[in-house]
Each structure stands twice: as C-alpha cells, then as structure tokens.
Amino acid sequence: MLTNMVMKRMKFKIFLIDLYISRSMLHHRKSSLALTPEEEPLDINRGPNETKYGLISPTPKHHLKLLLVFAHPDPVCDSLSKAADKLGFEITTSNTNIGALDEYQAKSHDLVIVDTRAKNFDNDLLCRSIRNTKGSQHTVIIAIVRKSAFERDDVTIASLLESGFNRCLIETTNVLVCVNELIVLKHCDLRTMAQHATCQAMYTALDKCRDLVIVTDDSYKFQYMNAACERQLGLRQEDTIGKTLQEQLVYDTVQINTMGSSLLRAREWSGPMTLKRKSTQETIVSNCRAVPFSCAGRMPTHFILVFDTNSIDPSNLSQSRGSIHSIRRGSTDVRSIGSDYLRRTSLAKLNALPLEAPITKIVGLIDQIRENVGSNGQLVQLIDKVEDILKGSELYVSHVKEDFRMKTDEPVVSDLITALLSKAPQPTVTASSRRSSNDSSVFRPSRTGLIKVPAAIRDLLDTALMWEFDIFKLEDLTRKRPLQHLGMNLFNHFDVCGALNCDERTLSNWLTVIEANYHAENSYHNSTHAADVMQATAGFLEKERMKSIMEPLDEATSLIAAAAHDLDHPGKSSAFLTNSNNPLAILYNDVTVLESHHAAMTFKLTLGDERVNIFKNLDRDTYKLARHNVIDMILATEMTKHFEHLAKFVNVFCTRSSVGSEIGDQSEDYAPILTAENTTLVKRMMIKCSDVSNPTRPLRLCVEWARRIAEEYFQQTDDEKARGLPVVMPMFDRQCCSIPKSQIGFVDYIINDMFEAWNAFIDMPELLTYMRQNYIRWKEFDEQNHTTLNDIQKLQATILAPSITSSIKSD
C-alpha cells in the first residue's frame, strides 16, 4: 500500500517536471522568428498575466489608499485601522458625508469602508455621490453592517448593494479577522478592479489605433469593433451586434472558410481578405491576422481579427480616409435636391475662391515641385513634411529647441527663455464614454423634475436638431427666454453634465445667468441670437464627420461657447466703442474689443458664484483645456479675421491638387484631422458658420434675421450722427438703405465661399440649397423695389408664419 502511494507521488512529480519542460520549450519555440503561425498551435487558455505583451498588474503597485467613514469613534473602526496599518495601507478617516466625499475626490482611494449602522448617516447618498465621481468605477466600497442584517431576512443587504456598495461586512472588533478580510479584499476585489482599469486602457488604445480591429464569437458574430472600423467601413457598433462577418463585411465567404479551418484548430491565420463598405458596397483588400481566444475550456470562443490599414488598396484611399462621400446618408426631402451636384461644384469651386493667402501660393508651388522631382522618394518625403508644417494653423508660434537646455551654460537663462518663448502646452483629455442617463447621485437631480416645461415648448424642442427649427416661435412661447429652454434641451442631448461632471441644476443656473446678461432691448444681439447660434452648433455636431473627431468635452465647450459668444453685447460694433472711447475699448486697447469682453464676461460670471460654476468639478488640466476651447471659439467670431480663418481651413482640409476642375470629377480628399491644431480649425469654422448662418435658413427665418440686424445697424448709425462720431457703416441709413442689396452683398463676399467650404467638409447640402433659394428671393425683392424696413415688414405678413409675425409686433 505504502509502495503504491510512493510510486504515485513519484509519477506525479515526473509529470509536473515534464509539463514544465514542455511549456519552456514551447515558449522558446514561440520566441523564434523562423516559425510561422501554421507550424504551432496557440495556447489559447493562457491567462492575461502570461501573455507576452500583457501589462496587467495583479495588484496595484502603489500603497493602497483606504478611507474609513465612521460617524463617531468606534471599536470596529479602531480594529480596521490597526489591521490596515499592519498591511501597509495609507489610511484616511472622516466622520461626515461631506468630509468623506471631499477626501475621496482629493485622493481617489482604492478602498472605502462606510459604517452603515449609524442612523445619522445617509449611506445611500454618500455611496451614489462617490460613484458619480470620475474614476470611481475602479474603487471598492464596503458597507459595515450589524450581524443581525445577515441573520434575518430583510432588504438591508440588497438595498446597500443597489446603492453602489460592492460588499457588506459584519461588524467585528477582532483585529485578526479584520486583517483577513482586508487581505481577501486586496487579492480579490482590488486586484479585479486593477485589471478592469487596465482593460479599459486597452480598449482606449484599440479605439485610437489606426488598424481595424474586430472581435467575433466562434460563429463569426460581431462582439466588438474599434473606431477605425466605423470610419473606414461605414459601419456602426450598434448596427453590427448579433450579425455575422459574411452579412456585414466579408466579400468572399471562401476566405471565411479558409480562415475558420485554422482558427477552430486553435491556430493563428494570416492572409489577404476582401472587405466591403456598407454605404457604397465598394471592396477593399487588406492583410488580415486572425487569432483564436478561449474564455473557458480548450475550444476557441472568440476570434480576434486585425486588418492592416497600410495594406489597403491605394485606389480606394480617397474614400477610406474620410471622404464625405463615404458617410453621406440619403434623403428624400428638400435638403437632398441636387445634393450631389452641389457637393461636386462646391469642391471644384474651392480652386477658384476669390481669396488666396501667400501660404496658398506656397503650397501650390510645392505641389508643382513634387510633380517634377520624379521618383526620388527621400526628396518627396521632405517636401511632404514641409507642406505639412506649412499647413499648420500656427506658423509663428515659437518652440524651444530640444537641445537648448543641453547647450546653454546658464540654467537661469534657459528657464527664462523657455518661459518667454514657449506657448503653454494645452492639456489633453482621453476619450471617455458618455455617461448613462440612469446615473444618479447627490449632484444630479432627475431631468424630468428640474424644469417644468409646457407641452407646447416641449413639442417644439423635439425638433431642436432640425435645420428648419423655428427659433422665433420658441422666443414667443418662452417670453424671450429661449436660451434657458433650448440650452437645457441641447445640454441634455449631448450629456454636458457627464462631460463637465456637474449637475443639471448648476447648468440651469448658468443658462439663467447667461441669458440675463444678454440685452433684451437689442433687436439682433440678444439671447434669441445666442440660442440660434447654439442650435446651429448642435446641428453641426450631430453630423457623422463631427462625431468622428469631437470628444465629449469638445462638444460641451462648443455649445457653451455658442451660448455665450455675444454675452453682454451692447448692440454696437467694436469700431463704435473705439470711436466713442467706451471703457471696454480702453480696457482692451481697441483690439478685439467685443469678443474679448464676451469671453472675459463668460468666465467672470461662471467663476463668480459656485451655484453657476459649471467647471467646478473639473481637474486643473481639464479646466484649462475647457477654458481654452471656449475662449478660442468666442474670439474666432471676430469678423476682421474672417478671411484668415477661412484661408487656413481651406488650406488644411482641402487638398487643392485633388479638387477636380470639372464638375463631374468626384476625386475628393482631405488632410488628416487627428491633430489638436486641426480640430481647433474645425471648431473655429463651426462657430463662425453658426454665427452667420441666417442666410442659409428657410426664407421666413432669413428675412426676420435680416430685418433685426438692419434695425440694430440703423440704430448705431442714428447714434453716431447724433453724437458727431464717425459713421462706421454709412450705407446703413434707415432713410436710403436697401436691405435686399445688403443681404446680396453679404452672401457674395462673406457667406457663399465660407459655406461652400464648410459644406464640402461636413456634407450638409441644405445649407447651400437654402442659401441659393434666399439669394434668388432677395434679388426679386430688390427688383420689385421692396427695400426699406417697412417694405420688408409688409412682405413678412404674407410670406412668414404667424409665429414670426407675432414676434415682429412685439418688438
């Protein structure tokens, strides 16, 4: 009997040794570059900590931070504190809800233990507040409960878990028991949280990489696809779930069968694969590398497919690099009338724009040089690099050379020069998933109960993202408070609460204060104009091209900038303020007077009261980025730099050599839009187009806006004459000005070229459709001698909806 046991133990030891040797040899084989995937089976059961490229740490490498929340001194708290001290935890204690939340937001603890036995603690509120804090998904929250909670059948445990607690522990004063409980938490819950955090980072990396990554189950049904797939192939994640590769993507099913024969045997596969785009059904040939993966057992449960974008057929690159044609969606209403023709003509016309900066000529000359250098690859690369630099938005921003600090002998001089010449780096924010509307916390009250909206307003706001949205009807229904109602609707749609980590009450307060600081007596520059610009911005943000490049923070700050872009506008131009020695002109040295005031006033009001400070929960770097975005967009609305902004946008996003001179030429291409500088150009152009979108709206809206701006300009001219000041716009005299002629000139010299370029980028043909229809009608009005304000108002009574007419009478 004893001999048999000894023999069995020896055989088991020999088996372990053989297993160790075999695995070591297998690892050695896999490190050899001479072997191909077909020569060896994959160890698909290898855990995440064994993978060659794995960076997942089983436990956090820093000292774990523990927050103990007990209402009063308690033996249980003392025992937990002693146990945590033995295990090397960094301990923080708090005895109030507010104090605990402040401590957590300051230090981001790994583990939070809350005494839920105390009656004077709102445990549910505290837990939900912590859970609403950024990064709390990687924190373990434990509830200390009485022993009776586990002994009798009640809802205490379930209620705590639903509030967001991860686990409940029975009260104990035994230090050894506390030590063991903390050890279990450290090696189970906290390790899992650390792995989840790393997995989230890996998902972010997948979404940011240029290669196409797809994960399917063992029957080739989609489980995951990264952002590059959505852009390149015209697919959406939500549309592919549950569908197979054959249905959505792969052109030839024979390739699937060839790949499957290897994957089902737990072998990697690589080779060319023909893909098809959903929108155009065009084919793309790309090298694919497929890897099997098993979640359980030895048979593969998932397949991971990586498509190399560098191997994609160059003949299709004009479509795959984000051309407008690849993301266009069909339409049967007025917006689609002649859309293909308008799109092609707008691209062709970019070559003939009546503006050309010196940089445009330089880029054109470089293109000619590139054509003449022949096959000299190194020289072509240098020319491409020069052209990329020249197409940047800031050519004269100084940067300190990398080797400057090494060459200088005086550290003080080095620091001084670096500080003087270097532009402050803009902080970056990683892409974050939008927060669920079901998130609840102490900071975020229910959306349904925050503001009671009448049914008529609610029905109108259902159309808030349509280009034909009736802003004047909203002005009438809200008694000239459209910004408050429309703003909250758009903020909720784009989840600005989630992007700024603030509650809806603060957003509502902010909109109320902002709207109150617009001058209602202005006929044009009032809160209705601000709401209109905000609505246009939201409409642009809804476009597929904008969704592909804008982060949640970009969307939030764009809407904020639109709402506040004319804040505290006095109804007079910057030139008027300068000529009249207005305090604002003196304050800003006659330079960008109004726009500087709008931006400064925005932050003065926002930061001046915690109840309206929508940025109060942002960290320092995120706040700096948000502030930069808002200021930059507001300053971009200054019309004196209109042609400069337009020329930069055209030079960067419209590759002039690829724009066909023939109307039928559909060769379309755009420079990459992945850099921060280029995204800034897009946001500047977006708010500029939103600010002067009046001529591209339906006729009844266009005419009313023209009437309002004319009245404001007439009033300025009247004031200038009464005060003996230089008349800035002599033609805007209410006695002789032709409103149709002013609109025709505005379209000819400002609007037409800008919206041609913007439509070519964003693919929104209704802009050009309405602009051209309105242009024709203004020509007709001029020919019929309908020129004065009285003439326009008489026309409005016949061509406009009752909602507009009523707003005219109320002015």
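Residues numbered from 1 in each chain as written. Predicted model: local features only at pLDDT ≥ 70, side-chain atom pairs only at ≥ 80, totals over all residues. Heavy atoms only, no water.

### As for the sheet that holds strand S10 (residues 302-307)
Ordered by their spatial adjacency, five strands build an open sheet running S7-S6-S10-S9-S8, and the pairing between neighbours is antiparallel. Of all strands in the sheet, those bounded by a partner on one side alone are strand S7 (222-225) and strand S8 (269-276). Here the strands of the sheet are splayed against their neighbours by 30° on average, with no regard to which way each runs. Relative to S10, strand S9 (residues 283-293) runs antiparallel, the two being bridged by six bridges. Looking across to S10, one finds that phenylalanine 293 is bridged to histidine 302. (Pairing = 2+ DSSP bridges. Helix = DSSP H or I, 4+ residues; strand = E, 2+ residues; numbered from the N terminus. Axes fitted to C-alpha atoms, helices over the stretch in contact; angles between N-to-C directions.)

### Side note on the nonpolar core
With 88 residues, the main nonpolar core has Leu500, Met546 and Trp758 as its most contacted residues. Here the element with the most residues in this core is helix H34 (residues 739-762); it accounts for nine residues. Residues within four places of tryptophan 758 in sequence aside, it is in contact with Phe540, Met546, Phe649, Val682, Met685, Met686, Cys689, Asp763 and Leu767. Ile214, Leu235, Met259 and Leu275 belong to the second largest nonpolar core, which has 24 residues in total. (Core = buried A, V, L, I, M, F, W, Y, C linked by side-chain atoms within 4.5 Å. Buried < 20%, exposed > 50% of the residue type's maximum accessible area, 1.4 Å probe, protein only. Contact = heavy atoms within 4.5 Å.)

### What to know about the confidence of the model for the protein
Residue-level pLDDT values for the protein average 76, and 71% of them are 70 or greater. Residue range residues 12-61 is modelled with pLDDT below 50. Its contacts to residues more than four positions away, or to other chains, number 56 contacts. Under a pLDDT of 50 for its full length, residues 313-352 has, in the predicted model, 83 contacts with residues more than four places off or in other chains. (pLDDT = per-residue confidence, 0-100.)

### With respect to the sheet that holds strand S4 (residues 140-145)
The parallel open sheet is built from five strands, whose spatial order is S2-S1-S3-S4-S5. Each edge of the open sheet carries a strand with a single partner, namely strand S2 (90-94) and strand S5 (167-170). Neighbour-to-neighbour, the strand axes of this sheet turn through a mean angle of 25°, independent of strand direction. Relative to strand S3 (residues 111-115), strand S1 (residues 65-69) is paired through four bridges, and the arrangement is parallel. The partner of valine 69 across the bridge, within S3, is valine 114. Each of S1, S2, S3 and S4 touches helix H2 (residues 75-86); the most contacted strand, S1, lies at about 175° to it. Packing against the sheet, helix H6 (residues 156-163) makes contact with S4 and S5, and its axis sits at approximately 135° to S5.

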